[in-house]
Amino acid sequence: MARSAKLATLMCELLALSCRYPARLTTSLTGLAARAQQAVSRNRDGWGAAFYQGADVALYRDTSSADQSPQVPWLESHGPETTLSMAYIRHATQGPIELANTGPYARELNGRMRIFAHNGNLPGIRDRFDSRCWRFHPVGQTDSEIAFCMLLEVLAELEEGSDDLPPVDKRIAALAALFAELRELGPANFLYADSQTLFVHADRRFQPATGEIEPPALFLRTCASEQAPELLDPSVAGSLAPGQRVALLSTVPLNDKSWQPLAEGELLAIDAGQIVARTCLPSRSKH
């Protein structure tokens, strides 16, 4: 593959945390940021991190390279304790380098902040999005934010008439229907959270070792209280408490411990560090 074509297939990288008791991302966040180095991934076009605090979210975003940003080590030392968070480093494929095009993206729906990040490239998504017919609109120019707006439309209809979130089986079914459509456009690795549940869709990504776009695109690491979660801050009260459960998702393993690769089309729902629903989308259509 030519160098220019190879650069065109580079993708953002994702990180997410779900745990039973509040903890703080530390070495996992700086490990993700370190992957923004030019020699590693060239994902130098911005970064973001979101930390739930109840139904609201503390959101940090910047257009600088994550490995150069002074905010990242500050977050490692002083970031919020949380049971649900998401982080992202960007490689710009659609939209210029500016804050509006930097994830994770956040919107309010039914009194809860929702956050979303995407790794991949969805050419043609604008042909499926008519802003005149939708209540949610992108602020920037990325395919990722359009996908988020489409997702919110689906969820707004699902949640209409209730202040409570629908059962997880209804939520994961709604996401599966939309993600099955979007993944036909191109690589579509999604993280979505609704303040209670983390939803993860694994698809494909560019693999430097083979030069191909193929799975695995996301890896899962789970650990319980008797297993030190090396990627969290052990000094945070509750992070190693009895009964703690931790689930970490990452585009690539961030240490030499045991990480489970997710299958192409796999969709997980994770509550408080525990997988509560799991399905696999049908294979892609053959064109």
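Quick look at the structure, then. These numbers were taken from a predicted model, which means no experiment stands behind them. Throughout this description, residue numbers start from 1 for each chain and increase along the sequence as written. Predicted model: local features are reported for residues with pLDDT of at least 70 only, side-chain atom pairs are reported and counted for 80 or more only, and whole-chain, interface and lining totals are derived from all residues. With hydrogens and water stripped out, all remaining heavy atoms of the structure feed into the side-chain values.

1. Concerning the overall build of the chain
- In this description a helix means any DSSP run of H or I spanning at least four residues, a strand means any run of E spanning at least two, and both kinds are numbered starting from the N terminus. Tallying secondary structure elements over the chain gives five helices and 15 strands in all.
- Whether two residues touch is decided by their heavy atoms; if any such pair falls within 4.5 Å, the residues are in contact. A separation threshold of at least 6 residues defines the contact pool for the chain, and within that pool the share at least 24 residues apart is 70%.
- Looking at the chain as shown, the accessible area adds up to about 11900 Å², and 50% of this sits on carbon and sulfur atoms. The Shrake-Rupley method, run with a 1.4 Å probe sphere, supplies the accessible areas, and residue values consider only the shown protein chains as cover.

2. Quick notes on the sheet that holds strand S8 (residues 197-201)
- Overall, antiparallel pairing links the six strands, which are arranged S5-S6-S7-S8-S14-S15 in an open sheet. Since the sheet does not close on itself, it has two edges, and those belong to strand S5 (105-109) and strand S15 (274-280), each with one partner. Each strand axis lies, on average, 15 degrees off the axis of its neighbour in the sheet, ignoring direction.
- Whether two strands pair depends on DSSP finding at least two bridges between them. Of the strand pairs in this sheet, S8 and strand S14 (residues 266-271) are connected by five bridges, and their pairing is antiparallel. Following the sheet pairing, Thr197 is matched in S14 by Asp271. Note on definitions: angles span 0 to 180 degrees between N-to-C directions of axes, and those axes are lines fitted to C-alpha atoms, for helices only across the stretch in contact.

3. Re the side chain of Arg24
- Tracing the chain through its elements places Arg24 in the loop between strand S1 (13-23) and helix H2 (27-34).
- Exposed residues in this analysis have more than 50% of their type's maximum accessible area, buried residues have under 20%, and partly exposed residues fall in between, with area computed by a 1.4 Å probe over protein chains only. Look at Arg24 and you get buried, because its relative accessible area is 13%.
- Among the polar contacts listed, one links the side chain of Arg24 to the backbone oxygen of Glu76, at a separation of 3.5 Å.
- There is a polar contact of 3.3 Å between the side chain of Arg24 and the backbone oxygen of Ser77. As used in this structure description, the phrase polar contact means that two N or O atoms lie within 3.5 Å; if the pair is within protein, one of them must be able to donate a hydrogen and the other to accept it, and residues adjacent in sequence are counted only when both atoms belong to side chains.

4. Observations concerning the pattern of salt bridges
- Just to be clear on terms, a salt bridge is a Lys or Arg side-chain nitrogen sitting within 4 Å of an Asp or Glu carboxyl oxygen. Going through the model one piece at a time under the given rule, you end up with twelve salt bridges.
- Note that Glu13 is salt-bridged to Arg35, the shortest N-O span being 2.6 Å. Residue Glu13 is found in strand S1, and its partner Arg35 is found in the loop between H2 and strand S2 (47-53); the two are separated by 22 residues along the sequence.
- Residue Arg135 is joined to Glu153 by a salt bridge in which the shortest nitrogen-to-oxygen separation is 3.3 Å. One end of the pair, Arg135, is in the loop between strand S6 (112-120) and helix H4 (143-159); the other, Glu153, is in helix H4, and 18 residues separate them in sequence.

5. Quick word on the environment of Arg20
- In this structure, Arg20 sits in strand S1.
- C-alpha separation for the pair Arg20 and Ala224, spaced 204 residues apart in sequence, amounts to 9.7 Å.
- Contact partners of Arg20, with chain neighbours within four places excluded, come to Thr83, Gly243, Gln244, Arg245, Ala272 and Gly273.
- Of note is the side chain of Arg20, whose polar atom sits 3.1 Å from the backbone oxygen of Gly243.

6. A word on the sheet that holds S2
- Pairing is antiparallel across the open sheet formed by seven strands, whose spatial order is S3-S2-S4-S1-S12-S11-S13. In the strand order of this sheet, the two ends are held by strand S3 (56-62) and strand S13 (260-261), each with one partner.
- Of the pairings in the sheet, the one linking S1 to strand S12 (residues 245-250) comprises five bridges and is antiparallel in character. By the bridge assignment for S12, Leu15 is matched with Ser250.
- Against the sheet, H2 makes contact with S1, S2 and strand S4 (82-89), and its axis sits at roughly 175 degrees relative to S1, the strand it touches most.

7. What to know about the side chain of Asp194
- Tracing the sequence through the fold places Asp194 in the loop between strand S7 (188-193) and S8.
- A distance of 2.7 Å separates a polar atom in the side chain of Asp194 from a polar atom in the side chain of Arg171.
- Within polar-contact distance, the side chain of Asp194 engages the backbone nitrogen of Thr197 at 2.8 Å.
- Sequence-distant contacts of Asp194, that is, excluding residues within four places in its chain, are made with Tyr52, Arg112, Met113, Arg114, Leu165, Arg171 and Phe199.

8. Examining the environment of Arg171
- Looking at where Arg171 falls in the secondary structure, it is placed in helix H5 (residues 168-182).
- Once residues within four sequence positions are removed from consideration, Arg171 is found in contact with Leu158, Leu165, Pro166, Asp194, Gln196, Thr197 and Phe199.

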